[in-house]
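Working through the structure, step by step
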Protein chains: 2
Amino acid sequence: MFTLTFVAEQGEVKVATAPGRTVMEAAAAAGLALDAPCGGRGTCGKCLVRVISGELEPPGGEELDHLGQEELADGLRLGCQARLAGPATIGLVGVLAGRVLAEGEGRPAELAPGVRRVLLQVAEPTLEEGRGDLERVLAELGGVRVSPGLAVVRDLPAAVRAEGGRVSALVAGEELVGVSAGHHPRCLGMAVDVGTTTVVGYLLDLETGEQVGMASAMNEQAAFGADLISRIGHAAGGGGRELQQRIVGVINRLLEAACKQAGERVEDVCELTVVGNTCMHHLLLGLPVDNLAAMPFVPAATSALRLSAREIGLAAHPEARVYCFPNVAGFVGADAVAVMLASGFGHQDGLRVAIDIGTNGEVMAARGGEIVACSTAAGPAFEGAKISRGMRAAPGAIDRVRLTPQVQVHTIEGAPASGACGSGIIDAVAELVKLGVVEENGRMLSKEALPAWLPAPVAERLVEEEGKPAFLLAEGELGPVLLTARDVREAQLAKAALAAGLAVVLDELGAGAGEIEQLLLAGAFGNYIDRRSAVVIGLIPDLPEGRIKPVGNAAGAGARLGLLSVRMRAEAERLAAGVRHLELSSRPDFYDRFTDAMMLRPVPAQGQ
Amino acid sequence: MFTLTFVAEQGEVKVATAPGRTVMEAAAAAGLALDAPCGGRGTCGKCLVRVISGELEPPGGEELDHLGQEELADGLRLGCQARLAGPATIGLVGVLAGRVLAEGEGRPAELAPGVRRVLLQVAEPTLEEGRGDLERVLAELGGVRVSPGLAVVRDLPAAVRAEGGRVSALVAGEELVGVSAGHHPRCLGMAVDVGTTTVVGYLLDLETGEQVGMASAMNEQAAFGADLISRIGHAAGGGGRELQQRIVGVINRLLEAACKQAGERVEDVCELTVVGNTCMHHLLLGLPVDNLAAMPFVPAATSALRLSAREIGLAAHPEARVYCFPNVAGFVGADAVAVMLASGFGHQDGLRVAIDIGTNGEVMAARGGEIVACSTAAGPAFEGAKISRGMRAAPGAIDRVRLTPQVQVHTIEGAPASGACGSGIIDAVAELVKLGVVEENGRMLSKEALPAWLPAPVAERLVEEEGKPAFLLAEGELGPVLLTARDVREAQLAKAALAAGLAVVLDELGAGAGEIEQLLLAGAFGNYIDRRSAVVIGLIPDLPEGRIKPVGNAAGAGARLGLLSVRMRAEAERLAAGVRHLELSSRPDFYDRFTDAMMLRPVPAQGQ
């Protein structure tokens, strides 16, 4: 037995453990949960840890698959695979942001936040000098000028006097934006990823770059419609302010929760970065969204916007800054830009593709400095919408289906089945395609037409629903969970849209699928999806396994990078300005590719 | 008879007139009033006009006294003195600003305003490009970035669509600050001089630099006290917001009035510059003023502040900018900086002094790049406060008193006498000193002690008030208007404060009064005061007449310069930062000088 030390969000945690145990097992014994959507199988790559000191057993196959030489040299390991050899210190925080960056670009995330907090002892005023309170503060800062507007100066005289001249100045770039009484050294930031469904906030210490807290919540705008179109409709009908208040309220609760978790004060959160799709971005800022709903889908603004938290009612430091990532177009938003940033687009010669499947499916590809992006209407089906018993990835959702060698249906948390989520639907379709129950053209065979050699356990599940064939995934507590012929058609349409989008994007770069050096799957869906199933139905090309990587919430990682470094913001702006946006609906070649992609079969990765 | 053409604020006005008439007489016949506080005697120099074409009779003595060779070459003349010889075109607008500047610095007021309005035809959005409305506007502007904050972008999409892409962009520096629907070419600005008692707004066309309107009004904060201290008290008691609303309301009415006069729209006023004493500046901006009332009289801010009109509720263009001139200290405010700017401080080798008597008396002096300023408590007595029958310069105020060769008492507009204003009080004291009725030490002789040679009409007016001697200035409708012994004492204290301030300022520069090359008397008081009387009691040094110049509202002229050119703002900021502020109350030498200055006798201008 020896002692293993974890550097976790809550501080150092020590645990006695034994050689041969995995880091993840030791962490669990210490009450620390690593993120492991794949269940510790070494496939998702999400349980990254960093070895700070001590030696572990050398990395095995799964780790070598997921981690590059630089990353290994940097101490990165997969927590579920890395086995302990003796006393060591293992870091759990701030690992992912660094990783996605490293993976993207092979360069460190240089810490250069947009704001800094400076503790001052302001000189006593004298009768002779005549200088104002503001000027005595500025004199201590040297070279910093006052930000336009009155917010800074109104409360400054009281702040300067409250604690005998001890103040904390908030400086953004070279502008003084706030002065508060007393010495408050903490300078925190929150990177916010506003999704249509969920909102995630990452709390970072802007002096060390460490992530110190995290919180997520449902986007309460969902009360006005799950999808973008109904929210745009609500906003157009005068509900814009209401939608804005909902999302601001959610972010304020994330701020509170993450700060409570980290033992920090919300008023020490001095900057926020925000990513989200163009519609979420506009609703948060109170910008009109009506033009997003109709051709030609024009955003109010695509540039990066800078504002104060006060302007939209965010409950952070009273003068906290907000940096909103740039959008590319109406349906390629700031979240896509953040994904490209985190994925190191524009920094590698090889062909790199990122696919982010959320409410929409964004496909982005870069080769050298050439970057192309498009949005496809692939999302809803994969999020469970339009599927008869579809549901989001929640307890009771069928997320894994195997029909060979035997029927296996797995639900999230092992709860009784109540529906199927995206990864389960793709698994089911892929398995049915492999067995010939669903033909390449998407037609589900009727019970009578089934091949004789089909294993009985599978054949038994072929049923009829309203006169059409359907496959019984599970009996379920609330009734049978069926995958109907119509569901297969919906999945097929979604798959075709995404695959056609990828094909058009590759055509635009003059590349074939086989040239893809890295295919990054962003978003929760990218983590949960079974890559082999996705390849079987042609959702993603048939690339060697090592080239496909789930990268988790890359949009959130991009938002964190922007929070840590203004150079990353400049890069995000260059990416947004430089990306060639393809509006698929106006391109005849998209419809050709779409028709091709309707076939449920692997996309051969020719020409490697 | 011939036709004379005036270029006036309301446009061209023609009038038939005859040779030998003065410009002022012809203007009056045309319904145009020239500013002539001295009543057309050629002493105040305020009725400046500019000969645009045609010949006038050559300038006479008063004109040669007031106008330099450069000014005459530039076509400047005194309207009350210049006589017509034949057809001519005479400009009445934009003359004073140009004059004060020219007088100050001998260089043109280069037009470089802080804002510009750009008329755009924004390109139609296309499905392919994906750019937002904001970006299509920015693309037309080239090199202009969006201002931080959301104000610009919120209404931009609607503005772009309202008239098929025809918009007017408001650009401040290199930032887009506003976009409004339709083509509105006018870009106006208002220079506002916020006095404790009166507020003046000058409406300027920022494309031509011409003054197109002007309005003035009482400062309605007076409802909470005539003086600064009572207003500070009201603000400290929670009335700050109320005081702010009052002054904002006044400025909004000036905007309306001046725009109506000029036939312009208030929403075309795109920028304002503001000058005023430090307290007025703070109250307008809603900054705390409590520290201004107690030692060491610390302002909240002395730097130049930039804000949007919206922030304080000014009813101009919704995104109009506001530039607030820098202050120097608690009692040397932005108005003093504006006076220094308009007076060309820092641009001349010779010794130049400016005195601005308002609520306080500010004394500023410059020699080469060395600039010194102080504030003295000289104002109230000269504004009529503390004087038993004192009043402001209004109809019925005694403004001129002559006792030799005969008793002459003049009231403003010839109305029945109801009190005495500053110029009348100084005249009266000076005349009484000349006759020996008031001794150099300020003591007023009793009726019994009067010299026998005193003319009877004067001696008759010596009366008693509560057992002390007093001089009957006029019978008045509401009772006798007396100048009491106590009034003389008040005037003497005020005079001593101002003269001592000037002496300390000159000492600081190592200069004697005789070295003053130009003594500029700013403010209304400087226009109305009889310079000979002021010299007699030692209020100002005994300089050759040509060296003393009333320059009218120099603070307002400075505000106009700042409105016309951002370089002037930079210069104002350099002046404010470079001026050496003398806090008289902490200087022993001030009390020495004050004691000297108590004597009511001329200050010899030695060492010329």
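Since the structure is predicted, the reported quantities are computational estimates derived from the model, not experimental observations.

Analysis parameters
Residues numbered from 1 in each chain as written. Chains lettered and ligands numbered in written order. Predicted model: local features only at pLDDT ≥ 70, side-chain atom pairs only at ≥ 80, totals over all residues. Buried ≥ 20, exposed ≤ 12 C-beta atoms within 10 Å, placed from the backbone. Helix = DSSP H or I, 4+ residues; strand = E, 2+ residues; numbered from the N terminus. Pairing = 2+ DSSP bridges. Expected span 1.5 Å × (residues − 1). Least-squares fit on C-alpha atoms with pLDDT ≥ 70 in both. Contact = placed C-beta atoms within 7 Å. Core = buried A, V, L, I, M, F, W, Y, C linked by C-beta atoms within 7 Å. Nonpolar A, V, L, I, M, F, W, Y, C, P; charged D, E, K, R; others polar. Axes fitted to C-alpha atoms, helices over the stretch in contact; angles between N-to-C directions. Parallel < 35°, antiparallel > 145°, perpendicular 65-115°, else oblique. Left-handed = near helix turned anticlockwise from the far one by under 90°. pLDDT = per-residue confidence, 0-100.

Looking now at the pairing of strand S20 (residues 408-411) of chain B. Residues and elements named next belong to chain B. Judged by which residues are buried, S20 turns out to be one-sided: Val-409 and Thr-411 face inward and are buried, whereas Gln-408 and His-410, on the alternate face, are not. Bridging between strand S19 (residues 397-402) and S20 involves four bridges; their strand directions are antiparallel. Across the sheet, the residue bridging to Ile-398 is Thr-411, located in S20. Counting the residues between successive antiparallel strands, the hairpin from S19 to S20 contains five residues.

Bringing helix H15 (residues 485-508) of chain A into the picture now. All names here are of chain A. Here H15 spans 34 Å end to end across 24 residues, near enough to the 34 Å set by a 1.5 Å rise per residue. Of all 24 residues in H15, 19 are buried; the element is thus mostly enclosed. Once H15 finishes, Gly-510 follows within two positions and takes phi at roughly 65°, a positive value.

This part is about the relation of the copies chain B and chain A. Rotating chain B by 180° and translating it 0.1 Å along the rotation axis places it on chain A, where the RMSD comes to 0.3 Å. Expressed as a symmetry operation, the mapping of one chain copy onto the other fits a two-fold axis. Within chain B, the C-alpha atom positioned nearest to the axis of rotation is that of Pro148(B), 4.9 Å from it. Both copies present the same face, since 100% of the interface residues in chain B are matched by interface residues at the equivalent positions in chain A.

What follows covers the nonpolar core. Judged by nonpolar contacts, the single largest core of 363 residues is most densely connected at Val429(A), Leu473(A), Val429(B) and Leu473(B). If you look at the next biggest cluster of nonpolar residues, it comprises 19 residues, including Leu4(B), Leu48(B), Cys80(B) and Ile90(B).

Moving on to the interface of chain B and chain A. When the parts of a complex come together, some accessible area is lost, and that lost area is often taken as the interface size. Listed by partner, the interface residues are 43 residues for chain B and 43 residues for chain A. Within the residue set of the side of chain B that touches chain A, elements represented by two or more residues are helix H5 (133-141), helix H6 (151-154), helix H7 (156-162) and strand S14 (305-308) of chain B. Partitioned by chemical class, the residues of the side of chain B that touches chain A number 24 nonpolar, 11 polar and eight charged.

Residue and element names in this part refer to chain A. Judged by how many residues are buried, strand S11 (residues 198-205) sits mostly within the fold: seven of eight residues are covered. Bridge analysis of strand S10 (residues 188-194) against S11 gives seven bridges, and the strand direction is antiparallel. Its bridge partner lying in S11, Val-192 is registered against Gly-201. Linking S10 back to S11 in an antiparallel pair, the connection comprises three residues. In this sheet, strand S12 (residues 211-218) lies alongside S11 in antiparallel orientation, the contact comprising seven bridges. Within S12, the residue paired with Val-200 across the bridge is Ser-216. Between S11 and S12, which follow one another and run antiparallel, lie five residues, and Gly-209 among them has a positive phi close to 85°.

Bringing the sheet that holds strand S20 (residues 408-411) of chain A into the picture now. Residue and element names in this part refer to chain A. Spatially, three strands are ordered S20-S19-S21 in an open sheet, and the strand pairing comes out mixed. Of all strands in the sheet, those bounded by a partner on one side alone are S20 and strand S21 (419-420). Alignment of strand S19 (residues 397-402) against S21, held across two bridges, turns out to be parallel. Among the inter-strand pairings, Ala-397 is bridged to a residue of S21, identified as Gly-419.

The next subject is the packing of helix H8 (residues 228-262) of chain B against helix H9 (residues 278-285) of chain B. All names here are of chain B. Where H8 meets H9, the closest approach of the two axes is 7 Å, and the angle between their N-to-C directions is 45°. Accordingly, the angle class assigned to the pair H8 and H9 is oblique. Relative to H9, the crossing made by H8 is right-handed. Contact with H8, carried on its side by Leu-228, Arg-231, Ile-232, Ala-235, Leu-243, Gln-244 and Ile-247, involves Cys-279, Leu-283 and Leu-284 of H9 and no other residues of that element.

Turning our attention to the confidence of the model for chain A. All names here are of chain A. Here chain A averages 88 in pLDDT, while 94% of its residues score no lower than 70. Note on residues 96-108: pLDDT is under 50 here. Beyond four places in sequence and across chains, it has 29 contacts. Here the predicted complex scores 0.80 on pTM and 0.79 on ipTM.

Residues and elements named next belong to chain B. Here helix H18 (residues 554-564) crosses helix H19 (residues 566-578) at 125°, and the two axes come no closer than 5 Å. The orientation of H18 relative to H19 falls into the category oblique. Here Leu-561, Gly-562 and Leu-564 of H18 lie close against H19, whose contacting residues are Met-568, Arg-569 and Ala-572. A per-class count over the contact of H18 with H19 returns four nonpolar, one polar and one charged.

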